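Overview (structure and organization)
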Amino acid sequence: VDRLKNPTRRPMGGFRAVCLLRPTGESVRALRDELEHPTFDEYHVFFTSTLPDHLLKDLAQADKRQRVQQVQEVFLDYLPLGADLF
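Below, the structure is looked at part by part. (Residues numbered from 1 in each chain as written. Predicted model: local features only at pLDDT ≥ 70, side-chain atom pairs only at ≥ 80, totals over all residues. Heavy atoms only, no water.)

Here we come to the packing of helix α1 (residues 25-36) against helix α2 (residues 53-62). When two helices pack together, you describe them by how their axes are tilted relative to each other and by the distance separating the axes. Where α1 contacts α2, the two axes come as close as 9 Å, and the packing angle between them is 10°. Comparing their axes, α2 and α1 come out roughly parallel. Taken together, the residues of α2 that come into contact with α1 (itself represented by Gly25, Val28, Leu31, Arg32 and Leu35) are Leu55, Asp58, Leu59 and Ala62. Of the residues assigned to the contact of α1 with α2, the class counts are 6 nonpolar, 1 polar and 2 charged. (Axes fitted to C-alpha atoms, helices over the stretch in contact; angles between N-to-C directions. Helix = DSSP H or I, 4+ residues; strand = E, 2+ residues; numbered from the N terminus. Parallel < 35°, antiparallel > 145°, perpendicular 65-115°, else oblique. Contact = heavy atoms within 4.5 Å. Nonpolar A, V, L, I, M, F, W, Y, C, P; charged D, E, K, R; others polar.)

What follows is the structure, encoded as structure tokens:
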């Protein structure tokens, strides 16, 4: 487990990254930065709710080396209804 913005991470050839991200501009920017100088051979990206179209286009344009193998929305965001109820 690691953050996308880890400047000390070295290239991990032969490994795949599984990225679980919130669908925000900040998260997509961090992934775009990672894809400029990828440290993994493949990226499997999962967003916790619906990704706006403009952010999906930004991500697609950033994947110049075609390292992203899949992008999925898994709908893991939730709001607690009360202190003892989800």
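A cluster of nonpolar side chains, namely Leu20, Val74 and Leu76, defines an oily patch on the protein surface of about 260 Å² accessible area. Looking at the secondary structure, you find Leu20 in strand β1 (residues 12-21). Among the residues examined, Leu20 registers a relative accessible area of 54% and is labelled exposed. (Patch = residues over 30% accessible without salt bridge, like charges linked within 9 Å, V, L, I, M, F, W, Y side chains within 5 Å. Areas by Shrake-Rupley, 256 points an atom, 1.4 Å probe, with all protein chains shown as cover. Salt bridge = Lys/Arg side-chain N within 4 Å of Asp/Glu carboxyl O. Buried < 20%, exposed > 50% of the residue type's maximum accessible area, 1.4 Å probe, protein only.)

Here the focus is the nonpolar core. Counting 16 residues, the largest nonpolar core has Cys19, Leu21, Leu31, Tyr43, Val45 and Phe47 as its most contacted members. For this core, the elements supplying multiple residues, two or more each, are β1, α1, β2 (40-47) and α2. (Core = buried A, V, L, I, M, F, W, Y, C linked by side-chain atoms within 4.5 Å.)

All buried positions along α2 are accounted for by Leu55, Leu59 and Ala62. Mapping the buried residues of α2 onto a view down its axis gives an arc of 65°, with all of them on the same face. Seen from the buried face of α2, the exposed residues on the opposite side, beyond 90 degrees, are Asp53, His54, Lys57, Ala60 and Gln61. Where α2 is buried, its residues meet α1, β2 and β3 (68-73). (Arc of directions from axis to C-beta.)

The subject of this paragraph is unusual backbone geometry. Phi is positive for Gln66, close to 55°, though the residue is something other than glycine. Tracing the backbone through its elements, the reader meets Gln66 in the loop between α2 and β3. The phi dihedral of Phe75 is positive, around 50°, even though this residue is not glycine.

This part takes up the sheet that holds β1. Taking strand neighbours across the sheet as the criterion, the 3 strands line up as β1-β2-β3 in an open arrangement whose pairing is parallel. The open sheet has two edge strands, β1 and β3, and neither has a second partner. Each neighbouring strand pair of the sheet contributes to a mean axis angle of 10°, computed without reference to strand direction. Sheet contacts for α1: β1, β2 and β3; angle to β2, the most-contacted strand, approximately 170°. (Pairing = 2+ DSSP bridges.)

No statement about biological role is implied by the geometric values presented.
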